[in-house]
Amino acid sequence: MSGDSPTAKNAAVANSGSNTRIWPFARNGDAHAAAVKDAHSSLLRNYEEMKLGWFWATDADGCITYMTDSIGALLTGGANDILGRELVSLFKPANSDAERRRTLPFQLIRHARFETTQVRIDINGIERCWELSGQPQLDRTGNFCGYLGHGTDVTVEQQSVEENTRLAMYDPLTGLPNRRCVTSLLERTIVAFRVQRRPCAVLLIDLDRFKQINDTMGHPVGDVLLKQVAERLVRIVGDAEKIGRIGGDEFQIVLQDTHDRGALGDMANAIIESLSHPYSINGSRCIIGASVGIAVNPFDGETSEELIRNADLALYAAKSGGRGRFRFFSTELLRSAEERRVLEHDLMDALGNGEIAVHYQPVVNALTNEVSGFEALMRWNHPKRGRISPSIFIPIAEEANLIPQLGEWALRKACMDAASWPGELRVAVNVSPIQFASDSLPQIVLSALANSNLPPDRLELEITESVFLGDTLETEKRFEVLKALGVRLALDDFGTGYSSLGYLRTAPFDKIKIDQSFVRNSTEEGARNQAIIAAIVALAGALGMETTAEGIESFDQLETMRALKVSHVQGFLYSRAVSAEELKNYVEDGRWVIKPSGPAKQRHHRHATFRKVGVIHDNHYYAAVLRNLSASGALIDGIVDVPEGTQFVVDLGDGQLAVATVRRASNHQQGVEFEQRLVDDGNGGLCTRHRVSPLMLASEGLSAELFAPNNNLVVKTLDGQLSLPAFHTLTEWKAAIDGRRVA
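Everything numeric in this text was worked out from a predicted model, so none of it was measured. Every chain begins its residue count from 1, and numbering advances along the sequence as written. With the structure being a predicted model, the display of local features is reserved for residues of pLDDT at least 70 and the display and counting of side-chain atom pairs for 80 or more, all residues being used for whole-chain, interface and lining totals. Note that water and hydrogens are dropped before the side-chain values are worked out from all heavy atoms of the structure.

## Observations concerning the sheet that holds strand β1 (residues 54-59)
Which entries qualify depends on this criterion: Here, a strand pair is defined by DSSP locating no fewer than two bridges between the strands. In DSSP terms, a helix is any run of H or I states spanning at least four residues, a strand is any run of E spanning at least two, and both are numbered starting from the N terminus. Convention adopted: a line fitted to C-alpha atoms gives each axis, helices being fitted over their contacting stretch, and angles between N-to-C directions are expressed from 0 to 180 degrees.
If you trace the five strands from one edge of the open sheet to the other, you get β2-β1-β5-β4-β3, paired in antiparallel fashion. Edge positions in the open sheet fall to β2 (64-67) and β3 (114-123), since each of these has one partner strand only. Taken pair by pair, the neighbouring strands of this sheet meet at an average axis angle of 25°, ignoring direction. Pairing geometry for β1 and strand β5 (residues 144-153), over six bridges, is antiparallel. Bridge pairing in β5 places Trp56 opposite Gly149.

## As for the packing of aromatic side chains
Centre distance and the angle of the planes are the two values used to describe a pair of aromatic rings. What counts here: Side-chain rings of Phe, Tyr and Trp (the six-membered ring for Trp) are treated as a pair once their centres are within 6.5 Å; stacked means planes under 30 degrees apart, edge-to-face means over 60, and tilted covers the remaining angles. In this analysis the charged atom, NZ for Lys or CZ for Arg, is taken to sit over a ring once it is within 6 Å of the ring centre and within 35 degrees of the ring normal.
For the structure shown, the criterion picks out 14 aromatic pairs. Ring pairing ties together the aromatic residues Tyr360, Phe374, Trp421, Tyr586 and Trp592, which thus form one cluster. The cationic tip of Arg478 hangs over the ring face of Phe436; the distance from NZ or CZ to the ring centre is 5.9 Å.

## Description of the pattern of salt bridges
Two side chains carrying opposite charge are able to pair once their charged atoms lie near each other. Quick note on the threshold: What counts as a salt bridge is simple: a side-chain nitrogen of Lys or Arg found within 4 Å of a carboxyl oxygen of Asp or Glu. Three exposure classes are used, based on accessible area relative to the maximum for each residue type with a 1.4 Å probe and protein chains only: buried under 20%, partly exposed in between, and exposed over 50%.
All chains considered together, the criterion is met by 24 salt bridges. A salt bridge links Asp171 to Arg245; its shortest N-O distance comes to 3.2 Å. Placement of Asp171 in the loop between α6 (155-169) and α7 (179-194) and of Arg245 in strand β7 (residues 243-245) is noted, with a sequence separation of 74 residues between them. Of the residues examined, Asp171 reaches a relative accessible area of 9% and is grouped as buried. The exposure class of Arg245 is buried, given its relative accessible area of 15%. Lys483 is paired through a salt bridge with Asp510; the nearest N and O atoms lie 2.6 Å apart. One end of the pair, Lys483, is in helix α17 (residues 473-484); the other, Asp510, is in the loop between β18 (488-494) and β19 (511-514), with 27 residues separating them in the sequence. Here the residues in one salt-bridge network are Lys92, Arg120, Asp122 and Glu127, joined through shared partners.

In structure tokens form, the structure reads like this:
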């Protein structure tokens, strides 16, 4: 057998009988040494029999020359059947490159000592985890001739480690990744994607009114609610590993290779809609909402810290804008954060300084065009900044806890003004959920009526559905007390996400107001809004209630509302909100019939604006003014004598470049049509679906910031001559402002 391999020799000896089986640890020597080795062998055999571990040996080729009997039998059915097989063939391959650098094949190739290397093996369909240690063996000439080693079963210990790791990286309540885990995912994604310039997006979700549920119904109900929220998020996103619960009622989603803001907005809307549907917990009905902030790498942040900070700013803006909405991050949010701080300080003094006023928008009979009443709307005329939109200062007032003060003042002012109107014209005043929850509300209403001598039936309190979220007895009692005063009650913004027919059985409403979001799309072909409005009108009629459709801006919308038998309408087609002084001139005889005036058909909602934009044409960068903006086009001011059909690239800032064609032109104004429609930015505004990365802008000599110095491109022709711009611009910003005043 001199020509046989070492493996064959060992296998032959091992198969010759149990009495002649050679232990790989025994060596030839004198009698005393042999006795010591026998003692050692007995100890090792006892160790094996107690199943505390086992021993193995390989030859230089990695084939097994020895394996503890019990392990060999467990793996192959016969103790000696395993001899001659490659050791690595017994175990499952590694799952990742990182694991391969630490696993058995790598260690064996090195011919070096290794300790506690983990391997995984399937035994009777059950995965076990073992740890192997090995010592390389050399022959008399110093050549590597194999390994001697031992192994232990660490399945229980490994399961414990994995469970502890899971607890450290996953939320025990929802089973979703926790803050640590999802932050690690985001950091790894940004690093891995940076070289390939691949984008990723972060969505931060905050549950609206969850604390109210927790406080009123108890933490066990809140825990079940969070589990159901997690389940709904998984259904929308499709992968639980991309969703993390990062706080009590906050969640974070990491989406890879995603930067389409149209798709992100659709997902955000789907999340808001899904999470706003009622929950059934232990027989109780719970309703919450959600707000979403979105930031995209690399446009909104190069690092995970920047991205999370900016997504958080977007979330804050979404919540400040009225909750139940989403918002994309923009550089404007960084500036507005400081502006909000200043405005909050100014708002505290605005009421005392006489800067707050109440204006009144007519509510018109849909068939006769006769005004039946007015909705009271607060206006803030800042001494330095001019008119500030309620969408800006109302959220600031909520955070500064000024709503009770402003709301009471507006109620008293509206009652005083309405008392001076001739006839039976009503006034409708919005009551916030904060005001409604106050025990003093009925007394405030009674005091306002008494001080103004306004008949109670001429006051209409507009209340949103959010007051029913708690569904408590206090809510029903509050309605009873208010109705006992003789005032009218209107359900405002019906159908915007919290609707339930249950409370209409007991709440004594006189009117349902149909939100303008249903009106806006009711004339589009294939829209289902008409069916929804028809159902609301039928429901109101069955319950003896009037209906008012908000936001009527075109004749086709008005005709649609009339065809659907909506009783009252309000909107710019009839009138904007007017001051109390103007109103007196219109209602001298107690009647005001308004002839509607406006566009024949609904057009894409145009946002009136007055801000700088850049316009690129033939590699020249022009400064211009954006006068209005819609999803399909814009009105640009500042470039002179541009022919129709000219193609522009409009720079809206923040990497938003929109390809546009001039469809109409007059002097220094151009109406342009976008090649790709803009999408909703989640805050009532518009944004491009895609953005150009800062790196790509820089490579083209541009900056994401409007009118940065390097945006003044200098272009040369093929023969090296400077390329002259095709158009002229209004040379000074002041000229554009003068043009605005003339317009």
